[in-house]
Amino acid sequence: MALDPNKLSRNELVQLVNSTALGESITRSRLDRQMNRSGRRWHDGRWIRLLEYLRWLIREIDRPARPKLDGRAADLARKNTETWRSQNIAPLPEIADRGRRQKAQAELRVFCETYFASAFYRQWSADHLKVIAKIERAVKEGGQFAYAMPRGSGKTTLARVAALWAVLGGYRPFVCLIGGSQERAVELLTPIRKACLENELLLADFPKAIYPLHKLQNNARKQIGQHIDGRPTYCTWAADKLIFPTVEGPDNEASGAIITVTSLDANMRGQQHTTMDGRTLRPSLVLLDDPQTRQSARSPSQTRYRLQLLTGDVLCMAGPGESIAAVLTCTKIYAGDLADQVLDCQKNPEWQGECTKLMYSFPKGEKLWAEYARRRAEGLRRGKGLKA
């Protein structure tokens, strides 16, 4: 029976090709592999078109052979592929509670209470609420605000959380934290980095901003190749700089934002950051935490010098013609020191200084306190500690 060259079965093709003077040239298994590799260019899965099959074979023979990899090259290629896969952090988690996130973005107080409840576990005082309102206004609308609170009242923690809130809320793309010394300045960023690693609630509601940083696992080397399905995140994890990941799409107001730290005794000029889309960012918000030391507070010349840095270098970090928001936390050490002058609304009204008190009134039962002091002193004299 005559064969139809446009409708050959696999067995018929194998028998036909092997019937030439060359002898056995193809096997059924090899034909199956060729059919799988070629798709359906010359067959429909059952019947084979002989002439199209021969044309395909000729093209395959003329195609340059792939270079063979030696053992070491193949092992390197395998490791590179494994590394690329391990650096891929896709898919990103979804937002856990969108309503909670939006409320926290809108108000600094809600942000503190929601994501940092362990730090702000006590009831807010009237002074705290007043300070929070002024910090929020400075972040959202601009301007300068300086406040002094007693030690242990949480003013530094509040300033750090405000920096993170300003970035995650999309209010300020570049925040600079300034300390009285470089060592102190680096310490300001450490709790923020820790929150990105360990704050599960923050991770749940801000996955695009926090999840890539969380996946670094406090290892700066992992930032180099981190990507989301081939798109680099471009984040930076350093002791004095934190650049949030660049992630496309909505719900990531902090994309490409940056938080840096420096000190008044360092070179603050020229701070800028170029984003992946070519924009040049300069600090739009500075948070100064106790920008004086006890030594500088005691020296009138150092106080004048730091005031010049504050008004000249710090408030000009945004660049010529650009305004910058500034929040300053401080503690008065000596009369006439930097804090005392900045908080003076007569000398520096632009800072809107707010100085809270440790005690607003003394107790009425002063005789009882005097009796307590007497018994306490008597107990100490007798070697009974604080017991009378």
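Residues numbered from 1 in each chain as written. Predicted model: local features only at pLDDT ≥ 70, side-chain atom pairs only at ≥ 80, totals over all residues. Heavy atoms only, no water.

Take the pairing of strand 7 (residues 258-263) next. The buried count for strand 7 comes to 6 of 6 residues, which makes it a mostly enclosed element. By the alternation rule, side chains of strand 7 split into I258, T260 and T262 and I259, V261 and S263, which are all buried. Relative to strand 7, strand 2 (residues 174-179) runs parallel, the two being bridged by 6 bridges. Opposite V175, over in strand 7, you have I259 as the bridge partner. Where strand 6 (residues 241-243) lies against strand 7, 3 bridges are found, and the strand directions are antiparallel. Paired with K241 across the two strands is T260, which belongs to strand 7. (Buried < 20%, exposed > 50% of the residue type's maximum accessible area, 1.4 Å probe, protein only. Helix = DSSP H or I, 4+ residues; strand = E, 2+ residues; numbered from the N terminus. Pairing = 2+ DSSP bridges.)

Following the criterion strictly, the structure yields 2 cavities of 30 Å³ or more and no others. In this structure, the largest cavity spans a volume of roughly 60 Å³. Mapped by element, the contributors of at least two residues to the lining of the largest cavity are helix 8 (155-168), strand 10 (285-289) and strand 11 (325-330). Class assignment of the residues belonging to the lining of the largest cavity gives a composition of 6 nonpolar, 2 polar and 2 charged. Put simply, the second largest cavity is a space of about 30 Å³. Lining the second largest cavity are R101, L168, F206, P207, K208, A209, D251, N252, E253 and A254. If one sorts the elements of the lining of the second largest cavity by residue count, helix 11 (residues 207-215) sits on top with 3 residues. Its residues assigned to classes, the lining of the second largest cavity comprises 5 nonpolar, 1 polar and 4 charged. (1 Å grid on protein atoms, 1.4 Å probe; cavity = no way out; pocket = protein on both sides within 12 Å on 5 of 7 lines; lining within 4 Å. Points joined across faces, edges and corners; volume = space filled by probe spheres on them. Nonpolar A, V, L, I, M, F, W, Y, C, P; charged D, E, K, R; others polar.)

Negative phi values dominate among residues other than glycine, just as trans dominates among peptide bonds. Look at the link from A90 to P91: it is a cis peptide, with omega at 0°. Relative to the elements of secondary structure, P91 occurs in the loop between helix 4 (71-86) and helix 5 (98-106). Its identity is not glycine, yet Q217 carries a phi of approximately 55°, on the positive side. Here Q217 lies in the loop between helix 11 and strand 3 (227-228). Overall, Q217 belongs to the exposed group, its relative accessible area being 55%.

In this structure, the largest pocket encloses a volume near 320 Å³. Around the largest pocket sit 13 residues that line it, and R122, H128, G152, S153 and G154 are the ones nearest its centre. Looking at the lining of the largest pocket, its residues break down into 5 nonpolar, 7 polar and 1 charged.

What follows deals with the environment of L285. Its location among the elements puts L285 in strand 10. With relative accessibility at 0%, the residue L285 sits in the buried group. Taking the C-alpha atoms as reference, L285 lies 67 Å from D44; in sequence the two are 241 residues apart. Setting aside residues up to four positions removed in sequence, L285 forms contacts with V139, A166, R172, F174, V175, C176, I324, A325 and A326. (Contact = heavy atoms within 4.5 Å.)

Before going further, it helps to spend a moment on the nonpolar core. F111, I135, L168 and F244 are the most contacted members of the largest nonpolar core, which has 59 residues in total. With 10 residues, helix 8 is the single largest residue contributor to this core. Once residues lying within four places of it in the same chain are set aside, the contact partners of L168 are Q105, F111, L202, F206, A209, I210, F244, E253 and A254. L288, V314, I324 and L338 belong to the second-largest nonpolar core, a separate cluster that totals 24 residues. (Core = buried A, V, L, I, M, F, W, Y, C linked by side-chain atoms within 4.5 Å.)

The subject of this paragraph is the sheet that holds strand 5 (residues 236-237). Ordered by their spatial adjacency, 8 strands build an open sheet running 5-6-7-2-10-11-1-12, and the pairing between neighbours is mixed. At either end of the open sheet lies a strand with only one pairing partner, and these are strand 5 and strand 12 (354-355). The sheet contact formed by strand 5 and strand 6 spans 2 bridges and is antiparallel. Residue pairing across strands places W237 opposite L242, the latter belonging to strand 6. Relative to the sheet, helix 9 (residues 182-198) contacts strand 2, strand 5, strand 6, strand 7 and strand 10, its axis offset from that of strand 7 by approximately 155°. (Axes fitted to C-alpha atoms, helices over the stretch in contact; angles between N-to-C directions.)

By themselves, these are just geometric observations and shouldn't be taken as functional.
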